[in-house]
Structure formats: structure tokens, C-alpha cells
Amino acid sequence: LALALLAGSAGADLLKDPQWQAWLDAGKSADLARAAQVRAKAQPDDDQAAVAIALAAVDDNDAGRLEAAVPALQACVDKRPQAACSYALGRVYGQQAMTASVFKMPGLASKTKEQFVRAVELDPGLYEARVGLTQFYLMAPGFAGGVVS
């Protein structure tokens, strides 16, 4: 049961630091994660660092790093709502759903959809969020919130 809604690279509006965006686009997740970790240690509330760390973990499909990314993204979503944070949290939940047990997958799928919807509501122009939500609807099974055709 695959939720392959996570494919595709991020666009220019996702990360404000041009070097970080270049690393993300080029698939250089190790460089991105390293730089973001440095900034996160110096500035724990840096939302861009949280987003970068999460997207690098998604690209690497690293379960431990995915789980570790959730608290900072959740704080961003709850306290300083931004489309990039909701999108990244949706990506993390979606990646986790792809390998989750049959019992956990529906809950993670619901959280994925919720964050993608929120990201689109916060910034309808964020291409990645619209693509993520569209892919969710097309690929998730009906019982997990996808569109049944």
C-alpha cells in the first residue's frame, strides 16, 4: 500500500536560503541537513531550519530523523503557521505512512492530508503543497482519505 505522494523536488519558494534550495533541488540532502542542523542549534526556533531538516530526512527516508523532525515542525504549525511548515510536516507524515503498519497508516494518512490542505490554505501559490495534496487524493486509498473513482 504505497502513498507515493511524496515525489518531486521542492520549488524556489520553499526554502528562503538560495544555497539550501539548491541543495534540496540537487538532492544533496546531507549538505542541507548539515547546514540546517548548525542553524537549528544556534536558533532553535528557526522554522526554515526545521523545514530543511525534515525535507532532508524525507529525501533520505531516515525513520529516526523523520520522527525527530516532527516536534519542531509541529511547533511551527501550532505557533507560527506557515505553508512551508505544514507542507514539510505533511511530507514527513506521508513518508511515515508509507512504511507504517496497517493500524497506524490511516492515522498518518489523515495527518498527511490535513497538513497538505492547511499548507494550500495558508499559501495557495505554494506549488509543492498543491502537488502534494493532488498526489494524495490520486494515490491514497479511499479509506485513508484519497478519492475513490
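Attention in this report is confined to the structure presented alongside it. Note that the structure is a prediction, hence the values are computed from the model and not measured. (Residues numbered from 1 in each chain as written. Predicted model: local features only at pLDDT ≥ 70, side-chain atom pairs only at ≥ 80, totals over all residues. Heavy atoms only, no water.)

### So, the overall build of the protein chain
On a plain count of helices and strands, the protein chain comes out with seven helices and zero strands. Of the regular secondary structure in the protein chain, the N- to C-terminal order runs α-α-α-α-α-α-α. Counting the 149 residues in the protein chain, one finds 44% classified as buried. A sequence separation of at least 24 residues applies to 56% of the contacts in the protein chain between residues at least 6 apart. Here the protein chain has roughly 7,400 Å² of accessible surface; of this, 57% comes from carbon and sulfur atoms. (Helix = DSSP H or I, 4+ residues; strand = E, 2+ residues; numbered from the N terminus. Buried < 20%, exposed > 50% of the residue type's maximum accessible area, 1.4 Å probe, protein only. Contact = heavy atoms within 4.5 Å. Areas by Shrake-Rupley, 256 points an atom, 1.4 Å probe, with all protein chains shown as cover.)

### What to know about the environment of Glu-128
One can find Glu-128 in helix 7 (residues 127-139). On the basis of relative accessible area, Glu-128 is assigned to the buried category, the value being 5%. On a C-alpha basis, the gap between Glu-128 and Ala-84 in space is 9.0 Å, while along the polypeptide they are 44 residues apart.

### Side note on helix 1 (residues 18-25)
Taken together, the buried positions of helix 1 are occupied by Trp-20, Gln-21 and Leu-24. When helix 1 is viewed along its axis, its buried side chains cluster within an angular range of 100° and face the same direction. Buried residues along helix 1 sit in contact with helix 2 (29-42) and helix 3 (47-60). Its side-chain oxygen 2.8 Å from the backbone nitrogen of Gln-19, Asp-17 forms the N-cap of helix 1. (Arc of directions from axis to C-beta. Polar contact = N/O pair within 3.5 Å; in protein donor to acceptor, adjacent residues only side chain to side chain.)

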